[in-house]
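So the chains spell out like this:
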Amino acid sequence: MNALRASFLSAVTLGLASVALAAWAQTANFDDRPTGFLSVRTGGMPPDAWAGTSLGTAKRLVSALQAAPRSRALRDLQFKVLVSELNPPAADGSSPPSLFARKVDRLAAMGEAESLNEMVRSAGGYVDPAIAATVVDSLMMAGEKDAACGIVRSHPLVEPFKRRADVVCKLVAGDNAGAVVAAAALRGNDPALAKLVEVAAEGLSPSVAPPTLLDGPAMVMLDLAYVQPPASALRSTQPPLMRSLVAHRTLPMPTRLDIAERGEALAIIEASKLGDLYIEALRDGVVMPPAMARRARLVDAARRASNPQEVVNSIIAVYGEARGSALFPTIARASAAGLLNIPAQPQFANIAQEAMRGFLLLGDKQQTKAWTKLALTDALNNGRAMAALDRLLPLVAIAGVDDPKRLPPEEVNRWYDVMRQDDAARAPLRGYLLLELFRATGIDVPRGSTNLPETPPAGVRLVSPPAATMQALQAAAAGRRRAETALLASIAIGETPLVDLNPAAVGAIVLALRQIGEDHAGRLFAVETAIAHGL
């Protein structure tokens, strides 16, 4: 799929593909002014982040973005580019759609309905019928029916989407009779939606087949008619659909939790939302698979802890139970609230290493530093504790807690010895990754000064991004083209699992991000890659 075709994926889903290009080409020009709502003060990029990048290049890069890149850090970074209040590149005669329309499309594909609505509202973008339809669809997928219907009633939308949305909004407003009359016009081309309208409006049995087109109106109608989505949708990794399914009341809670756990691991579902679902399931006495029930109880205990000792006990339980599991980062994030309530003080030294892991996952340098200091003090005369700490100190260095420029070779060798003791087969690749990350984060490790491997082990399958993408990334970073570099970093990894990425490419991405001033994002990406490898 080429980049331009990818940029129209959500338009195809909406049934707008035949008219979207014309609509975008003929309406107001949004590329002559900033269109975003995040400023530097509120966590956005500097206004000149597109400086040095042509409009045509910016359009191409935005269209090439994946809806769900495997890196949480890079997903957040591409989101920041899309919603920051940036001065757009100068007009250059590049083909439509506009840069603004492409940002709309990618935010919709990422499932960021509320942020998309805010960006379009602040830019006056509802005047574009295709853009307005995309926002309505996204809001309906997110369950924001009132906000969506407000746009439907106030602004023109492209057909045939408008007819579908009008019928849904009549039902939402309680106009059941009007919805049934309007649905009659859909029976020829959209019989499945028309039948759902009849079921919901007339209180018929929900034993009807779900529609095959699962856009926003369809998902709202499935909910109103109390009809389950098709089984084929439940394994989807599309962010809007995953978020909609997690909230869908017709699905059994274990199914919703399974989708939520997968979605959280893919940075699509918020950890807090997953935690809320765990607690709801326990409150309602839902029968869950044993492992899922155990995870739910761990998170519930962490959330309910009301005094320091209860918090300590819950943290020990979470980190002891989930460590080594593929879902460890997910459970740790879902239960992170307990960590925030415990100060790094000597009486809590027994959970210092667990706290370090948690705050490394959350990207909190100051808290990681405080707990590392406590853990080091506690381990001074405890060989076993120091050996365990040696598994975490490489991550502390990569995270830049003390921003080290050099590391004692004997210390690095000791860390590598622990890796080999833990897993001799995987140690060479982990050691090579560690070396690349040390150098990428500004730590000088002269060649041959440590026992860390300088090359990847033979026979290991590693995925390298396309050479042209990496060359463009490095050139953009060297030119300090901030937004361009950020998007190229995300494009480079795409949907490749972090554990499969060539460590040399990971190091190059981290270095490029640090060159443009995105040190925090670069180090977060480094840490999450290291954790994915089992470090």
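Criteria and thresholds
- Residues numbered from 1 in each chain as written.
- Predicted model: local features only at pLDDT ≥ 70, side-chain atom pairs only at ≥ 80, totals over all residues.
- Heavy atoms only, no water.
- Helix = DSSP H or I, 4+ residues; strand = E, 2+ residues; numbered from the N terminus.
- Rg over C-alpha atoms; globule rule 2.2 N^0.38 Å.
- Buried < 20%, exposed > 50% of the residue type's maximum accessible area, 1.4 Å probe, protein only.
- Contact = heavy atoms within 4.5 Å.
- Areas by Shrake-Rupley, 256 points an atom, 1.4 Å probe, with all protein chains shown as cover.
- Lys, Arg positive; Asp, Glu negative; His and termini not counted.
- Charge placed at Lys NZ, Arg CZ, Asp CG, Glu CD.
- Axes fitted to C-alpha atoms, helices over the stretch in contact; angles between N-to-C directions.
- Parallel < 35°, antiparallel > 145°, perpendicular 65-115°, else oblique.
- Left-handed = near helix turned anticlockwise from the far one by under 90°.
- Nonpolar A, V, L, I, M, F, W, Y, C, P; charged D, E, K, R; others polar.
- Expected span 1.5 Å × (residues − 1).
- Salt bridge = Lys/Arg side-chain N within 4 Å of Asp/Glu carboxyl O.
- Disulfide = S-S within 2.5 Å.
- Phe/Tyr/Trp six-rings, centres within 6.5 Å; stacked < 30°, edge-to-face > 60°.

Let us now look at the overall build of the protein chain. For the protein chain, the helix and strand inventory stands at 30 helices and 0 strands. Compactness check: the protein chain gives a C-alpha radius of gyration of 25 Å against a globular reference of 24 Å for 535 residues, within 12% of the reference. Dimensions of the protein chain, computed from C-alpha atoms along their principal axes, come out at roughly 80 × 60 × 45 Å. Out of the 535 residues belonging to the protein chain, those deemed buried represent 54%. If you take every contact in the protein chain between residues at least 6 apart in sequence, the share linking residues at least 24 apart comes to 68%. As presented, the protein chain carries roughly 22,000 Å² of accessible surface, and 52% of it is formed by carbon and sulfur atoms. Averaging the locations of the 55 positively and 52 negatively charged side chains of the protein chain gives two centres separated by 2 Å.

Moving on, we come to the packing of helix 8 (residues 129-141) against helix 10 (residues 161-172). Where helix 8 meets helix 10, the closest approach of the two axes is 11 Å, and the angle between their N-to-C directions is 40°. For the element pair helix 8 / helix 10, the angle class is oblique. Here the hand of the crossing between helix 8 and helix 10 comes out left-handed. Every residue of helix 10 that contacts helix 8 at Ala133, Val136, Asp137 and Met140 is listed here: Phe161, Ala165, Val168 and Cys169. Classifying every residue of the contact of helix 8 with helix 10 by side-chain character gives 7 nonpolar, no polar and 1 charged.

Its 15 residues place the ends of helix 17 (residues 290-304) 21 Å apart at the C-alpha level, agreeing with the 21 Å of an ideal helix rising 1.5 Å per residue. Those residues of helix 17 that sit buried are Met292, Ala293, Arg295, Ala296, Leu298, Val299, Asp300 and Ala302.

The next subject is the environment of Leu266. By secondary structure assignment, the location of Leu266 is in the loop between helix 15 (253-265) and helix 16 (271-283). Overall, the relative accessible area of 18% leaves Leu266 in the buried class. Placed 163 residues apart in sequence, Leu266 and Leu429 show a C-alpha to C-alpha distance of 24 Å. Dropping the residues within four chain positions of it, Leu266 is found in contact with Pro69, Arg70 and Thr237.

Before going further, it helps to spend a moment on the pattern of salt bridges. Scanning the model with the defined rule gives 37 salt bridges in all. The partner of Glu118 in a salt bridge is Arg121, and the shortest N-O contact between them spans 2.8 Å. Of this pair, Glu118 and Arg121 both sit in helix 7 (residues 113-123), 3 residues apart, roughly one helical turn. Relative accessible area serves as the criterion here: at 45%, Arg121 is assigned to the partly exposed category. The closest approach of N and O atoms between Glu264 and Arg333, which form a salt bridge, is 2.7 Å. Note that Glu264 is positioned in helix 15 and Arg333 in helix 19 (residues 328-334), a separation of 69 residues in sequence.

Here we take up the state of the cysteines. Evaluation of the coordinates by the stated rule reveals 1 disulfide. The side chain of Cys149 participates in a disulfide bridge whose partner is Cys169; the two sulfur atoms lie 2.2 Å from each other. Negative torsions about the S-S bond denote left-handed disulfides, and the value of about -90° found for Cys149 with Cys169 makes this one left-handed. Of the two residues, Cys149 is situated in helix 9 (residues 145-154) and Cys169 in helix 10; the sequence distance between them amounts to 20 residues.

The step from Pro96 to Pro97 runs through a cis peptide bond, and the omega angle for that step is 5°. In this structure, Pro97 sits in the loop between helix 5 (72-83) and helix 6 (99-109). In this model, Glu159 is joined to Pro160 through a cis peptide bond whose omega is 5°. Of note, the phi angle at Ala267 is positive, near 65°, even though the residue is not glycine. Relative to the elements of secondary structure, Ala267 occurs in the loop between helix 15 and helix 16. On the basis of relative accessibility, which here comes to 11%, the residue Ala267 falls in the buried class. Of note, Arg480 is a non-glycine position whose phi angle comes to about 55°, a positive value.

This part is about the side chain of Lys103. In this structure, Lys103 sits in helix 6. Asp31 provides the closest opposite charge to the buried, salt-bridge-free Lys103, at an N-O distance of 7.0 Å. Apart from residues lying up to four places away in sequence, Lys103 is in contact with Thr35, Val62, Leu82 and Met119.

This next bit is on helix 21 (residues 352-362). For helix 21, the buried fraction is high: 10 of the 11 residues fall into the buried class. Of the residues flanking the end of helix 21, it is Gly363, one or two places downstream, whose phi is positive at about 75°.

As a further point, take the packing of aromatic side chains. The geometry of an aromatic ring pair is captured by the separation of the ring centres together with the interplanar angle, meaning the angle of the planes. All told, the structure shown has 2 aromatic pairs when counted by the stated rule. Both rings, one in Phe30 and one in Phe100, keep their centres 4.6 Å apart while their planes meet at 35°; by these two values the pair is tilted. Note that Phe30 is positioned in the loop between helix 3 (17-26) and helix 4 (55-64) and Phe100 in helix 6, a separation of 70 residues in sequence. Looking at Phe30, the relative accessible area reads 2%, which means it is buried. Since its relative accessible area comes to 0%, Phe100 is described here as buried. Relative to Phe438, the ring of Trp415 lies with its centre 6.3 Å away and its plane at 50°, an arrangement referred to as tilted. Pair noted here: Trp415 is in helix 25 (residues 409-422) and Phe438 is in helix 26 (residues 427-440), with a separation of 23 residues, a long-range link. When sorted by exposure, Trp415 lands in the same class as Phe438, which is buried.

With their axes 7 Å apart at the nearest point, helix 8 and helix 13 (residues 216-225) run at an angle of 30° to one another. The pairing of helix 8 with helix 13 is recorded here as roughly parallel in orientation. Crossing angle aside, the handedness with which helix 8 passes helix 13 is left-handed. Counting all contacts with helix 8, which are made through Asp137, Met140 and Met141, the residues of helix 13 involved are Gly216, Pro217, Met219 and Val220. Split into classes, the residues belonging to the contact of helix 8 with helix 13 amount to 5 nonpolar, 1 polar and 1 charged.

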